[in-house]
Structures are given as C-alpha cells and as structure tokens.
Amino acid sequence: MFCAAALFSIMPAVKYAAGGWYKVAHGACYTLKGEAFMKKIKKMFRYENVGMLFVLPAFVYMLVFVGYPIIRNIILSFQDVNAGNLVRGTKNFILFDNYLELFQDDVFRTSLFNTLRYTVMCLVFQFVIGFILALFFSKRFTLAKPVRGILLVPWMIPVTVTALMFKLLFATDIGVINYILRSLHLTGKNIEWLTTPGTAMFALVCANIWIGIPFNMILISTGLTTIPKELYESASIDGANRIQTFFSITLPLLKPTIESVLILGFIYTFKVYDLVYVMTSGGPVNSTHMLSTYSYKLSFEMFKYSKGSAVANVLLVILMIVGIFYIKATTAGEEE
Amino acid sequence: MDEEKKLNGRKNMVFSIISIVILCILLFPLYWALITSLKTEQEIFQNPPTFYPHILNLKSYAAQVETGDFNMFRSFGNSFVISIGATVIAVLLAVPASYGIAKYHFKGRKLMLLSFLVTQMLPVSVLLTPMFIMFKNMHVYNTWIAAVLADATIGIPFSVLILKNYFASIPKDLEEAAYLDGCNKFTAFLRILIPIAKPGVIVCAIFSFLYAWGDLAYGMTFILDQERRPITAGIFNFMGQYGTKWSYLTAFAVVTIIPVALIFIFMQKYIVSGMTSGAVKG
C-alpha cells in the first residue's frame, strides 16, 4: 500500500519531467535540424518503403519463431542445459565442451557418416529414376499427363504414413518384400530388414527414394519443356542419334534445373527426420541414427538439451554451406 | 511443345501400357496399406499373402469410433484444427509480404528475401529445443496453439517465395489504372491484386496445409497429451504400443491420407505449380 501511495505522489512529477523532455526534444527537432528531420520522415514514407510495411508482419513472425530460436539454439549449445535447468535456473557456459565431446562420441560420428551416406544414395537413385521417368513422360501418349499427375501422390503423403507403409512392406513375417524374395528363391528364410543394421539402412533409403522420385521427375519434366524443340529438329537434320542429342542438347540445357534439383534434394534429404524416427528410431543399436534423430534423442529422450543443440548446429552448418550454392543458383537469374 | 507430334496408334498403346505398369509399381505401397486395413488380422498373417481382402473387414475403422485411447477421429480433428490454423496464419502473413517483396524495392528487401529462402532449408532439429522452451514460457506448451505457431513457420517462407512470382508477373499498368480509379495502395492491393493472384494464394494455402498436416516433430514435441496430438503423432504412438496390429495401423494411415487424396483429386493443377515454381525459381 505504501509503495502504491508513494508512486501516486510521484506521478505528477514524472509526468512533468517527461513532458519537459518531450518539449525539449520536440523543440530541438524543429529548431536545430527541423528541415532534415522532416525530410527523413518523408523519405521513410517514400513510395518504395511502403512495401516494407507489407513485409514486416511476416518478417517479424519469422524473426520471433525462427530467428530467435536459431540464436537461442547456438547459445544453448555452449551451455550445460539439462532437464533440471531448462526453463528456470542458472545455465553454466561450458563453451566448446559439447562439441568436443561430440567428436569423441561414436554415435555422433556414425550418425554424421550415416546422414551423408543416406543422402548420397537417395540422391543418386531418385535423380536417375526421376530423370528416366521425366524423359518417358515427355513423350506425347494419351496417358502421359494423367499418369504423371498421379505419380506425384507419394510426395504429398505425410512422411509418417510413408514410414508406416514401408515398415509394413519390409516386415519380417508378413512383409511383401520377403514374400517376393522367397517366391523367387532369392532367400530361404525371412530377412529381418528393420532389425539388422545393414538392411535397416537399405529399407530407409528405399522409402526415401519413393518420396523423392516425384519431386525429381516433376522438376526435370518442367525443365525439359523449356528446351526449344527447334534444337532437336536441327540435331536430327544434322544426323545426330538419340544418345548424341541427349548429351549435347538435353543435358547441357538442363544444367540449371539439374543443379537446383540436386541441391534441393540434398537439403531435403540431409535434414530427414520423420521417416527415420518412425521407421527405426535410429536403431538397431544406433546403426541408422541421422544427425536429426540423434539430436532429438539427446534432447528429448536423454534430456541433454545442450548436446542435442550442438548436434543440430552441426547439421545446420552443413546445410547452410550447401544452401549457399542454392541461393547462388536461384538468385543468379533474378532481375535487378 | 504442342507442335510436337503425338505418338501414333501402336506406339501410343505400348507407352500407355508401360506407364500403367510404372504406376502400379510405384503406387503399390499405398494399395497394400489400403487392403491391409480392410483385412482381418488373421488374413494379414496368412501365408502366402492375399493380394485383395478375401473377407472384407471394416472393424479396424469401426473400432476407432467407439472411443478408446487411440481415437483416430479425434486425432484427425486435432490435425485438422492445427493445419487450418497454420494455413490461416501463413496465408494472412505471406500474401502482403510477397506483394511487398514483388512490387517495392525498399531498403532491406534483399535481406528479407534471403532470410525467407534460408528458413526453408532449416532442419526442425535446430528449432525444436528453443521453441520448446519458448512455448513453455509463453504457457502454450501442450496446446494446439504451440503446434499452429510452429507449423506456420514452414508455410510462410514457402508461400512468400511462390506468391512473389505471381505478384511480380502482374503488370504495373493494372495497378496504376486502379490508382486512377481512386484506389490507394492498400485498396488496390485488396481489390485488384489479390483477386488476380488468387491461383497463387490457393497454391500457398494448399501447401501450408499439407506441410502442417504431414508434420510429426512439432506436434509430438510441443503437445504432450494424446487427446490433443495430431494424427501423425497418433500413428507413431500407436506403433509403439500395438506394433503389429497392422489392420488398425493401416486404417489410421488411410484416414490420414484422406484429406491429401481429396486435395489431390480436386486441386491437382495447383500442386504441380506449387512443386515446380517453389523449387526452381526460389
């Protein structure tokens, strides 16, 4: 009560002081540099800068919910934060200890290697298959467009569902893949795909390729339509065969498309999370951990938040390096 | 493209048949999940497997209606609310933002554009822990709001980058004509530009919805109670608890695919445009 009363008694004084400052500030603007100030205001509301008002809400939203978390994550990785001091309490700075520990950590090294291996394998196959399909569907037959359209479905399906479907296909007892292999006499007994280290990775790669094919196919298809038909005509007049045409016209002219398909594919595959988490959760015995799943495990299963953040940051750095190529590729053709 | 000769009779036939074969192979996983959801548990474990359900069994779906811990229709509702929320935020913020970026050359424009590009590449792992702390402090942890706020961060950058191309392609004369008719910048934007860019807005809404619908990490991490979790997290939980109850699991999967299938059937042309313009032009 006393505090409140004291506050009220001070209030007029505060108001007066503030008012005074306001007058001083106000006066300064108009007397000392009044003109410059007005110009500045006018400049701020110049035609082009109005555009910023349109962008600002989205930008601020992203700053709050993405920009700030990124910085927070970097800080976290230099601290020692666990379940005890996550929300409240003091967080000790241990600088690079998390990172140093990680590089001694076998699971981390495995997951880094796994992520690279997985990404490269997926990229190669989904790109080649996507490319072949794009070439195939560029032929003008009746079903070309409708079938190509339906083939986009795998890309749209929630990854959790895809993971479930492939778990079913690769199931040991009832899996169709084991059934087919048995019928073809390629294997005598059922393979335990998801619980054997080497084969679990294979199953993951298959599932990811399935998701990636439509994406590669549609982008390359679009790229193909931008190649002028006259080039092919003059090539055939010159007597070039199909393989020659492919290597001397199609590939070089598709270069920008291929670049962005591969870079984007790398980014999307490298940050894979849901698929691996649902299909294997990094198992068996950590053999299929990726950087993202290992980071999740450290943070939300072992409650070593700082270490999890450090793993996520390693992932981020690699993605950003690749991202620079992507930004260069996409902004090269921009106006201005 | 259009001048290129169509394939003649026989070749057309051969290519069409090959395309059907490709289609069957690639969509087989989907077919398999669908028929598994319609089989009895006994038939699922039958050897050799049956390639269509011999006894039609709808129990896996019906059992879910009668409540239980894993009511998939409640999860479906949760997912729906979360995805719609994220879509609304993404579209409301991205439409003006993309217009600003496409039509004005203000200071910092490039930086903003770049930051939208970069956020598209971010892995969820980087954001999970800090968002988790943030939502706890905001007291929205374990509510739909947390998932909505997080999911919108996927839709916004994507939508801005796509819509920017739509707005950029609208000729300036059209805008100027609107000014002559007495519009100011804001009314011109609302009455002239948005209607023209409508297909782009639809693409953004569809993709924001699909991203939010497919999200697992945010929904699982920021919502603790199963009753409020999205359907993807429901599937994951279910797998952990009833690992081999495949009829239920696949029924769950089929229900999750329904909205995706509907979007695909009714809005296919927007999907191709979203997949390509978003990726190639950045």
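None of these values were measured; they are calculated from a predicted model.

Focus: the overall build of chain A
Piece 1. When helices and strands are tallied, chain A shows 15 helices and two strands.
Piece 2. Each of the 336 residues in chain A was classed as buried or not, and the buried ones make up 39%.

Re the nonpolar core
Soluble globular proteins tend to pack their nonpolar side chains together in the buried interior.
Piece 1. Ranked by internal contacts, the top residues of the largest apolar core, which has 161 residues, are Ala58(A), Leu164(A), Met279(A), Val311(A), Ala94(B) and Ala253(B).
Piece 2. At 16 residues, the largest contribution of residues to this core is made by helix H7 (residues 144-168) of chain B.
Piece 3. Mapping this core onto the domain boundaries places at least three of its residues in each of domain 1 (9-57) and domain 2 (70-280) of chain B.
Piece 4. In contact with Ala94(B), other than residues within four places in its own chain, are Ala58(A), Ile156(B), Ser159(B), Val160(B), Leu163(B) and Cys204(B).

Some details on the interface of chain B and chain A
Piece 1. Taken together, the contact pairs 89 residues of chain B with 80 residues of chain A.
Piece 2. Examining the composition of the side of chain B that touches chain A, we find that 15 residues originate from one element, helix H13 (residues 246-280) of chain B, more than from any other.
Piece 3. Of the residues belonging to the side of chain B that touches chain A, the class tally is 60 nonpolar, 21 polar and eight charged.

Side note on the confidence of the model for chain A
Residues and elements named next belong to chain A.
Piece 1. Of the residues in chain A, 85% have a pLDDT of 70 or more, and the chain-wide mean is 85.
Piece 2. Within chain A, no element has a lower average pLDDT than helix H1 (residues 2-31), which sits at 44, and none a higher one than helix H5 (residues 106-137), at 96.
Piece 3. Taken together, the stretch residues 1-32 has pLDDT below 50 and engages in two contacts with residues farther than four places along the chain or on a different chain.

Examining H7(B)
Residue and element names in this part refer to chain B.
Piece 1. Its 25 residues place the ends of H7 35 Å apart at the C-alpha level, agreeing with the 36 Å of an ideal helix rising 1.5 Å per residue.
Piece 2. Along its length, H7 shows its largest kink, about 25°, at Thr153, and proline Pro157 lies within four residues downstream of that point.
Piece 3. For H7, the buried fraction is high: 22 of the 25 residues fall into the buried class.

Let's talk about the packing of helix H8 (residues 159-169) of chain A against helix H1 (residues 9-37) of chain B
Piece 1. Interhelical geometry of H8(A) versus H1(B) gives an angle of 80° and a closest axis separation of 10 Å. Between H8(A) and H1(B), the angle falls in the class roughly perpendicular. For the pair H8(A) and H1(B), the contacting residues are Met165(A), Phe166(A), Leu168(A) and Leu169(A) in the first and Pro29(B), Leu30(B), Trp32(B), Ala33(B) and Thr36(B) in the second.
Piece 2. Taken together, the residues of the contact of H8(A) with H1(B) break down into eight nonpolar, one polar and no charged.

A closer look at the domain arrangement of chain B
Residue and element names in this part refer to chain B.
Piece 1. Segmentation of chain B into domains returns domain 1 (9-57) and domain 2 (70-280).
Piece 2. Once you take the C-alpha centre of each, domain 1 and domain 2 turn out to be 32 Å apart.
Piece 3. Counting residues at the interface gives eight residues for domain 1 and six residues for domain 2.
Piece 4. Of all the secondary-structure elements, those providing two or more residues to the side of domain 1 that touches domain 2 are H1 and helix H2 (41-44).

Let's talk about the packing of H8(A) against helix H10 (residues 197-225) of chain A
All names here are of chain A.
Piece 1. Contact pair H8 / H10: the axes reach a minimum separation of 10 Å and the direction vectors enclose 130°. When the axes of H8 and H10 are compared, the pair comes out oblique. Seen along the crossing, H8 lies across H10 with a hand that is right-handed. Where H8 abuts H10, its residues Val159, Thr162, Ala163 and Phe166 lie against Ala203, Cys206, Ala207, Trp210 and Ile211.
Piece 2. Considering only residue class, the contact of H8 with H10 consists of eight nonpolar, one polar and no charged.

Remarks on unusual backbone geometry
Piece 1. Here Gly283(A) and Pro284(A) are connected by a cis peptide whose omega angle stands at -10°.
Piece 2. Mapped onto the elements, Pro284(A) comes out in the loop between helix H13 (274-279) and helix H14 (291-301).
Piece 3. The phi dihedral of Val285(A) is positive, around 35°, even though this residue is not glycine.
Piece 4. Tracing the backbone shows Val285(A) in the loop between H13 and H14.
Piece 5. Accessibility expressed as a C-beta count within 10 Å gives 12 for Val285(A), which makes it exposed.
Piece 6. Even without a glycine there, the phi angle at Asn142(B) is positive, about 70°.
Piece 7. Mapped onto the elements, Asn142(B) comes out in the loop between helix H6 (124-137) and H7.
Piece 8. Assessed through the 16 C-beta atoms surrounding it within 10 Å, Asn142(B) is described here as partly exposed.

What counts and what doesn't
Residues numbered from 1 in each chain as written. Chains lettered and ligands numbered in written order. Predicted model: local features only at pLDDT ≥ 70, side-chain atom pairs only at ≥ 80, totals over all residues. Helix = DSSP H or I, 4+ residues; strand = E, 2+ residues; numbered from the N terminus. Buried ≥ 20, exposed ≤ 12 C-beta atoms within 10 Å, placed from the backbone. Core = buried A, V, L, I, M, F, W, Y, C linked by C-beta atoms within 7 Å. Domains from an automatic or database assignment. Contact = placed C-beta atoms within 7 Å. Nonpolar A, V, L, I, M, F, W, Y, C, P; charged D, E, K, R; others polar. pLDDT = per-residue confidence, 0-100. Expected span 1.5 Å × (residues − 1). Bend = angle between axes of the 7 residues up to and from the residue. Axes fitted to C-alpha atoms, helices over the stretch in contact; angles between N-to-C directions. Parallel < 35°, antiparallel > 145°, perpendicular 65-115°, else oblique. Left-handed = near helix turned anticlockwise from the far one by under 90°.

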